[in-house]
Every structure is written in C-alpha cells, then in structure tokens.
Amino acid sequence: MPGARTHDMITVVTGAALAPVWWAMTPDGSPALALTITAAHLVSGLLFSCDLDIDSVEYRRWGPLRLLWWPYKEMIPHRSWLSHGLIIGPLLRLAYFGLIVAGLLWLALHASGNGDLWLRLRAGFWTYLATHPAHTYAFLVGFVLGGAVHSIPDWLTTGTKRAWNQWTRL
C-alpha cells in the first residue's frame, strides 16, 4: 500500500487538478463551487481518510480529538467495503462524524439549558442544504472523490502485488 505521504501527495495533486476542471464544467463557472468541491476533496483525503479504521497518520492527525474516531476504528474492519468503498466509505465517515458532533452538541446545549439553540441550529443546517443544492452536491462529490483517491491506489497496489505473486509462481 502507498504510505501516508504518497496518499497525501495524490490528494493534493488531484485536488489542485479538480478545481479548474470543476470550474470549467459548471454552467455558471462558479469559483465558489470549485472551491467547495476542492475543499471537500482535501478535507476528505487528508482528515477523513480510509485509514481512520487503524492507528494511522491520518488517525493521529486529529490529535486529542482522535477520541471521536476511536469507536469507528474499533468497529470498522480495515480495508473492508465499509472503509475503502468508493461511495459508502467516505459517506459513512461523514455520517459517523456528523452524528458524533450532533450528539455532543445536543448534549452540551441541552445540559446548558440552550435546547432552543439546538433546534435553531438543526433547522438552519437543513435549510442551508435545501436552499443550496449545488453546493451540497459539489461538497458530496468532492468528499467522495477525496476518499476515492485513497482507495484506488490501495486497490491498484494490492492487485499488482497479487498479479506479480501469481505470475512469479508460474
């Protein structure tokens, strides 16, 4: 498997290439959408990596907040379709993180007597997603692509090693 530095380099290079491609592809040529997809790609590849399911460089990047990822690391088998799947993997990590953050925020706001703030924040979040579908779509595409540029090199490396081992046994 490629190491963390190689994965980081692939993520940054593909992210840099993604911005102008997306900008050229969008009907209105929106730089904000190009920035959204690129930022989501980089965040996904560098912080929400497939390797959060093991004690990895990406896991340790979270510093003390890596405790948030400990249950995920313990529950998800390494290199399974849940962690390294092209679409399921990144979206599962995003959903997991969202649920953890929402749960902690709910607890903190209700414990401090600010339950109404929780309701306003939750409504605002869903309203934003509904009223900005292009940004939501760009974010999700970028996030999934950020995971894909980690999984695909892993698959290629594993496949090449398997093929080489089979060929050398002949």
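Everything numeric in this text was worked out from a predicted model, so none of it was measured. (Residues numbered from 1 in each chain as written. Predicted model: local features only at pLDDT ≥ 70, side-chain atom pairs only at ≥ 80, totals over all residues. Heavy atoms only, no water.)

Engineer: Could you give an account of the packing of helix α6 (residues 88-111) against helix α7 (residues 115-131), naming the residues involved and the relevant values?
Structural biologist: In helix packing, the relevant descriptors are the interaxial angle and the interaxial distance, both defined with respect to the helix axes. Axis separation between α6 and α7 bottoms out at 7 Å; the angle between their running directions is 145°. Facing Ala102, Leu105, Trp106, Leu109 and His110 of α6, the residues of α7 in contact are Gly115, Leu117, Trp118 and Leu121. Split by residue class, the contact of α6 with α7 holds 7 nonpolar, 2 polar and no charged. (Axes fitted to C-alpha atoms, helices over the stretch in contact; angles between N-to-C directions. Helix = DSSP H or I, 4+ residues; strand = E, 2+ residues; numbered from the N terminus. Contact = heavy atoms within 4.5 Å. Nonpolar A, V, L, I, M, F, W, Y, C, P; charged D, E, K, R; others polar.)

Engineer: Got a sec to walk through the side chain of Thr38? Specific residues and values, please.
Structural biologist: By the element assignment, Thr38 lies in helix α2 (residues 31-46). The exposure class assigned to Thr38 is buried, which follows from its relative accessible area of 12%. When sequence neighbours within four positions are dropped, the list of residues in contact with Thr38 reads Gly15, Leu18 and Ala19. (Buried < 20%, exposed > 50% of the residue type's maximum accessible area, 1.4 Å probe, protein only.)

Engineer: Tell me about the pattern of salt bridges, and name the residues and values.
Structural biologist: Scanning the model with the defined rule gives 5 salt bridges in all. In this structure, Arg120 and Asp116 form a salt bridge, with 3.3 Å as the shortest nitrogen-oxygen distance. You can see Arg120 and its partner Asp116 sitting in helix α7, 4 residues apart, about one turn around the helix. (Salt bridge = Lys/Arg side-chain N within 4 Å of Asp/Glu carboxyl O.)

Engineer: Requested: an account of unusual backbone geometry, with residues and values cited.
Structural biologist: One non-glycine residue, Arg79, adopts positive backbone phi at about 65°. Looking at where Arg79 falls in the secondary structure, it is placed in the loop between α4 (70-75) and α5 (81-84). Given a relative accessible area of 30%, Arg79 falls into the partly exposed group.

Engineer: Provide a residue-level description of the nonpolar core, including the pertinent values.
Structural biologist: Buried together is how nonpolar side chains tend to be arranged in soluble globular proteins. By size, the foremost hydrophobic cluster in this structure holds 10 residues: Ala40, Phe48, Leu52, Tyr59, Trp62, Trp69, Tyr72, Ile76, Tyr96 and Phe143. Core analysis: the next-biggest nonpolar cluster, separate from the first, contains 6 residues, Leu18, Trp22, Ala34 and Ala138 among them. (Core = buried A, V, L, I, M, F, W, Y, C linked by side-chain atoms within 4.5 Å.)

Engineer: Describe the environment of Trp118, with residues and values.
Structural biologist: Counting through the fold element by element, Trp118 comes out in helix α7. Judged by relative accessible area, which is 13%, Trp118 ranks as buried. Counting along the chain gives 10 residues from Trp118 to Ala108, while the straight-line C-alpha distance between them is 9.4 Å. Setting aside residues no more than four positions away along its own chain, Trp118 makes contact with Ala102, Leu105, Trp106, Leu109 and His110.

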